[in-house]
Amino acid sequence: MTRPNAYELRMQPGELDVTEFHRLAENGRAALVRGHALDAVPALDAALALWRGSAGEGLPTGTTLDNRWASLDEQRLQVFELLTDARLAVGRHAELLPGLREHLAAYPLRERAWGQLMLALYRCGEVPAALAAYRDARARLDQHLGIEPGEELAALHRAILERAPDVSYTRPRPVIVVPEPSTTGPAPAAEAGRTVPRELPPDLVTFVGRTREVEEVGTGATGRVPAVVVVTGPPGSGKTGLAVRAAHAVAGEFPDGQIFVDVAYRASVTPTELLARVLRALGVARADIPDSADERTGRLRSLSAGRRMLLVLDGVTSAAQVRPLLPASPGPALIAVARRSLSNLDGVRRVALSPLAESSARELLAALAGAERLAADPGATAELIGLCAGSVLALRVAASRLATWPRMPVAALVGELTAGTSKLDLLSYDDLSVRASLAAAVAVVAAEDEVAGRLFELLAACPEAPAGVERAAAQLGESAERIRRAMEGLVDAHLVARDGAARYRLPALVRDFAAELSSVPSGTESQLVRGNAFLTLSSRSG
């Protein structure tokens, strides 16, 4: 119809392609969140079918609409990748390959799509091709952005290397429908058709020792309110493996679901983001998740009240990340894995891991590298166990090296570890790295407390010698009380151990890491890289 000096275009619902694209995309996204991948595929397919070229194609550039066109193009790419997720979920792996390769040829920096290609190839039985796709992704990211693949893509690479069960295709679980309870009974109300998540990672096949600790975690998760357990220990001590083992052991006590969230020791992950992740796992659509942290916390408490549900948070850095997720009523339980004790969380059970006992370390090496091989040279085996200092990560790396070279004597590996070259070079294998684990731990502490970061540098200058508070305070120009607080922060992070009332020392593998820092000439900087996170420590004299 016409108006003075203008025209008005009236459209019926469904006539505008952009509106229809958004509607179909949201329908498909919601179906996928609910676990209904079969329903998501036709909706997402129909959304993409509305596209003919790029948004705004044929129109002049440099207009105020350019940002709108770019946003629409990004949404199209996201919907393509959502559709790929849906097709992977329903087992259509082979038919995805041509489209994914074309997609990545045009957009080579999309890590999510690289992961989807790797998964599709792996599920088609093309393991070498899946590993080659990871190398291609890594090369593209390095070439164009100068970064390593993110943790999610690296974790998928590890899973494919280990042929982990969770990357193989299994038919989707049927939706578990919980009937409405009788109105006459005292049982709490249950939601019909509610989502029951089963997110625990696979249990480790080669898990040794730690029987008492596993029982403690299980008892804490199934015991009194609040049913909260914090598993803490040094970097590489096997905290995650133990938490997953304990969670599987008590999973039958939590029929309303088990949720697993990997924070990956990223201090930047906010409690608000974690709340949204848990709500999505419970079937709340993205559009229905409240904006504020307070409302998200309330929604979670309402959904979890009275439900026998287990939440595992792996790699948390602070109590602030955990506090909004603490159970507020009987029923739910929480296991948090952290390098620190999170001592400002009230009323929780803490299970601290010490270095792995010698007998358990020997059992782990035997399971991964072969018992006969260790028995052939017991002296070298004992020395290797000592060099690994009870670190589960170090033992797994050493065993992996032995398993890769079946003819290498244990003594030969010990010789390399004790030679002039850095021990930590040999305690890195593929994506397992003692150095990277320690670097990440130091980076978190240094980011939170600048004095603690400087104090660690000072300790690194003389890694073999015990350190006193008074002398460190004088050298850093800080008060003794401030240095004591920083030193205790390093102790809590398992980077420093107490050596008497007012003296401290570096644990064995931390000493090796510190020695590397102290070997850098004064005035220069050393960069320790873990994935795409950088820790820079300036090396100072004295």
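Residues numbered from 1 in each chain as written. Predicted model: local features only at pLDDT ≥ 70, side-chain atom pairs only at ≥ 80, totals over all residues. Heavy atoms only, no water.

Visitor: Residue-level account of the overall build of the chain, with values.
Guide: A count of helical and extended segments in the chain gives 23 helices and 14 strands. A total of 542 residues make up the chain; the buried ones form 46% of that total. The long-range fraction of contacts in the chain, counting pairs at least 24 apart against all pairs at least 6 apart in sequence, stands at 65%. When the accessible surface of the chain is totalled, it reaches about 26600 Å², and 53% of it is carbon and sulfur. (Helix = DSSP H or I, 4+ residues; strand = E, 2+ residues; numbered from the N terminus. Buried < 20%, exposed > 50% of the residue type's maximum accessible area, 1.4 Å probe, protein only. Contact = heavy atoms within 4.5 Å. Areas by Shrake-Rupley, 256 points an atom, 1.4 Å probe, with all protein chains shown as cover.)

Visitor: Tell me about unusual backbone geometry, residues and numbers included.
Guide: Phi is positive for Tyr-265, which is not a glycine, with a value near 55°. Within the secondary structure layout, Tyr-265 lies in the loop between strand 4 (258-262) and helix 10 (271-281). Taking the relative accessible area as the measure of exposure, Tyr-265 reaches 17% and is therefore buried. Although it is not a glycine, His-494 sits at a positive phi angle of roughly 65°. The residue His-494 is located in the loop between helix 22 (480-492) and strand 11 (497-498) in this model.

Visitor: Lay out the packing of helix 1 (residues 17-33) against helix 2 (residues 37-49) with the relevant residues and their values.
Guide: Axis separation between helix 1 and helix 2 bottoms out at 8 Å; the angle between their running directions is 160°. It follows that helix 1 is roughly antiparallel to helix 2 by the angle criterion. Along this stretch, helix 1 crosses helix 2, giving a crossing that reads as left-handed. Taken together, the residues of helix 2 that come into contact with helix 1 (itself represented by Phe-21, Leu-24, Ala-25, Asn-27, Gly-28, Arg-29, Ala-31 and Leu-32) are Ala-37, Asp-39, Ala-40, Ala-43, Leu-44, Ala-46 and Ala-47. Counted by class, the contact of helix 1 with helix 2 contains eleven nonpolar, two polar and two charged residues. (Axes fitted to C-alpha atoms, helices over the stretch in contact; angles between N-to-C directions. Parallel < 35°, antiparallel > 145°, perpendicular 65-115°, else oblique. Left-handed = near helix turned anticlockwise from the far one by under 90°. Nonpolar A, V, L, I, M, F, W, Y, C, P; charged D, E, K, R; others polar.)

Visitor: So what about the sheet that holds strand 7 (residues 349-352)? Which residues, and what values?
Guide: Read across the open sheet, the five strands follow the order 4-5-6-3-7; overall the sheet is parallel. A strand with exactly one partner marks an edge of an open sheet, and here the two such strands are strand 4 and strand 7. In this sheet, adjacent strand axes meet at a mean angle of 15° when their direction is disregarded. Across five bridges, strand 5 (residues 310-316) lies against strand 6 (residues 333-338) in parallel orientation. In the sheet register, Val-312 faces strand 6, and the bridge partner there is Ile-335. Each of strand 3 (228-232), strand 6 and strand 7 is contacted by helix 8 (residues 211-222), which is oriented at about 165° to strand 7, the strand it contacts most. (Pairing = 2+ DSSP bridges.)

Visitor: Can you lay out helix 15 (residues 378-388) for me, pointing to particular residues and giving the numbers?
Guide: Turning to helix 15, its buried residues number three or more, namely Ala-380, Thr-381, Leu-384, Ile-385, Leu-387 and Cys-388. All buried residues of helix 15 fall inside an arc of 160° around its axis, so they share one side. What points out from helix 15, more than 90 degrees from its buried face, is the exposed set Pro-378 and Gly-386. Looking one or two places after helix 15, you find Ala-389, whose phi comes out positive at around 55°. (Arc of directions from axis to C-beta.)

Visitor: Which residues make up the pairing of strand 3, and what values go with them?
Guide: Summarising burial for strand 3: five of the five residues are buried, a large majority. On strand 3, burial covers both faces: Val-228, Val-230 and Thr-232 on one face and Val-229 and Val-231 on the other are all buried. As paired elements, strand 3 and strand 6 share five bridges and run parallel to each other. Within the sheet, the bridge partner assigned to Val-228 lies in strand 6 and is Leu-334. Sheet topology places strand 3 next to strand 7; four bridges connect them, and they run parallel. Across the sheet, Val-231 pairs through a bridge with Val-351, a residue of strand 7.

Visitor: Mind laying out the environment of Ser-292, listing which residues take part and the relevant values?
Guide: By secondary structure assignment, the location of Ser-292 is in the loop between helix 10 and helix 11 (293-304). Look at Ser-292 and you get partly exposed, because its relative accessible area is 28%. With 20 residues separating them along the chain, Ser-292 and Thr-272 place their C-alpha atoms 7.4 Å apart. Within the structure, the side chain of Ser-292 is placed 3.1 Å from the side chain of Glu-295, a separation counted as a polar contact. (Polar contact = N/O pair within 3.5 Å; in protein donor to acceptor, adjacent residues only side chain to side chain.)

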